[in-house]
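Examination of the molecular architecture
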Amino acid sequence: MAISLAREGAIGVIHQFCTIDFQAAEVAKVKRSTCYVIDEPICISPDVLIQDAVSLMHEKSVTSLVVKQAGKVVGIFTSRDYLYQERSSLFVRDVMTKREKLVTGHVGITMNEAKKILHNHRIEKLPLLNEADELCGLITTKDIMKLEQWTESNRDPKGRLVVAAAVGVKDALIRGHALVEAGVDVLVLDIAHCHSDCAISRLRELKTHFPNDDVITGNIATAAAAR
């Protein structure tokens, strides 16, 4: 729902009635759902079994994994590599696209340049490497299509969808730290009587610890409460 709202130009708030880890994972899911460049692509070792790699892809809701060894990119593993693979005992290294055949782009590449490379090579994933041959991002055809389809979507400066998440007065700071780390754009101090001394104190704490993050507070229902 948060993804759908952001695509239409609005913002969704991930509720607080769940574990901190679950809520942070939901925020991360929104932030990864649509963006021009995936800053931190999910990586895997070439020595992992195909079935374990596929499980990770399903868990993270992605269709590719960048394969790294000793800190360097050695290939890419995509859904095409296991689609009709019957031997689950094989390793990622046995079926991945190896480094010598891997098409890559440079850091700072424009969308038009990326589209041209993706089209010319008939590929869907473009890992981005810097001058030291280090992985710095990933561009996918699917993400570019999403960017062009939802032109009015609510995005942050990196092109990712914007999402909010709620915190309560009891665990505001602990939950807030996890949510900010996951990439949340707005924290919502979610309390029925937000003009209480406790809520105002928590609001001050949130703005002290997260001065660069927006905070929404509520609810209030009277003029006196608003003041």
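Residues numbered from 1 in each chain as written. Predicted model: local features only at pLDDT ≥ 70, side-chain atom pairs only at ≥ 80, totals over all residues. Heavy atoms only, no water.

1. What about the environment of Val163?
Looking at the element boundaries, Val163 is found in the loop between helix 7 (141-149) and strand 9 (164-167). By relative accessible area, which is 0% here, Val163 ends up buried. Residues Val163 and Val30, 133 residues apart in the sequence, show an inter-C-alpha distance of 6.9 Å. Every residue in contact with Val163, bar those within four places of it in the chain, is listed here: Ala2, Ile11, Gly12, Ile14, Val27, Val30, Lys31, Val184, Asp185 and Val186. (Helix = DSSP H or I, 4+ residues; strand = E, 2+ residues; numbered from the N terminus. Buried < 20%, exposed > 50% of the residue type's maximum accessible area, 1.4 Å probe, protein only. Contact = heavy atoms within 4.5 Å.)

2. Overview of the sheet that holds strand 3 (residues 64-69)
Picture the strands of a sheet paired through backbone hydrogen bonds; they go either parallel or antiparallel. Strand order across the open sheet formed by four strands is 2-3-4-5, with mixed pairing between neighbours. Two strands close off the open sheet at either side, each with one partner strand: strand 2 (43-44) and strand 5 (97-98). Across two bridges, strand 2 lies against strand 3 in parallel orientation. Residue pairing for strand 3: Cys43 is matched across the bridge by Val66. Across the sheet, helix 3 (residues 50-60) lies against strand 2, strand 3 and strand 4 (72-78), angled at about 80° from strand 4, the strand it touches most. (Pairing = 2+ DSSP bridges. Axes fitted to C-alpha atoms, helices over the stretch in contact; angles between N-to-C directions.)

3. A short note on unusual backbone geometry
In this chain, Gly218 is followed by Asn219 through a cis amide linkage whose omega measures 15°. With respect to the element layout, Asn219 can be found in the loop between strand 11 (214-218) and helix 10 (223-226). Phi angles above zero are rare outside glycine, and Asp133 is one such case at about 65°. Its location among the elements puts Asp133 in the loop between strand 7 (125-129) and strand 8 (135-140). Its relative accessible area of 29% is what places Asp133 among the partly exposed residues.

4. Description of the pairing of strand 4
Within strand 4, five of the seven residues are buried, which leaves it mostly tucked inside the rest of the structure. If you look at the hairpin formed by strand 3 and strand 4, you'll find two residues sitting between the two strands, and Ala70 has a positive phi there, around 55°. By the bridge criterion, two bridges tie strand 4 to strand 5 in an arrangement that is antiparallel. Note on strand 5: the bridge partner recorded for Ile76 is Thr97.

5. As for the side chain of Asp156
Along the polypeptide, Asp156 turns up in the loop between helix 7 and strand 9. By relative accessible area, Asp156 is classed as buried at 9%.

6. Comments concerning the pattern of salt bridges
Applying the stated criterion across every chain, the model contains 10 salt bridges. Where Glu124 meets Arg80, a salt bridge forms, and the shortest distance between an N and an O atom there is 3.1 Å. Here the residue Glu124 occupies a position in the loop between helix 6 (111-120) and strand 7, and Arg80 occupies one in helix 4 (residues 79-82), the gap between them amounting to 44 residues. For Glu124, a relative accessible area of 41% gives the class partly exposed. Its salt-bridge partner being Lys115, residue Glu148 comes within 2.7 Å of it at the nearest N-O pair. In this pair, Glu148 sits in helix 7 while Lys115 sits in helix 6, placing the two residues 33 residues apart along the sequence. The exposure class assigned to Glu148 is partly exposed, which follows from its relative accessible area of 42%. Judged by its relative accessible area of 32%, Lys115 falls in the partly exposed class. Within the structure, one salt-bridge network assembled from shared partners comprises Lys31, Asp156, Arg160 and Asp185. (Salt bridge = Lys/Arg side-chain N within 4 Å of Asp/Glu carboxyl O.)

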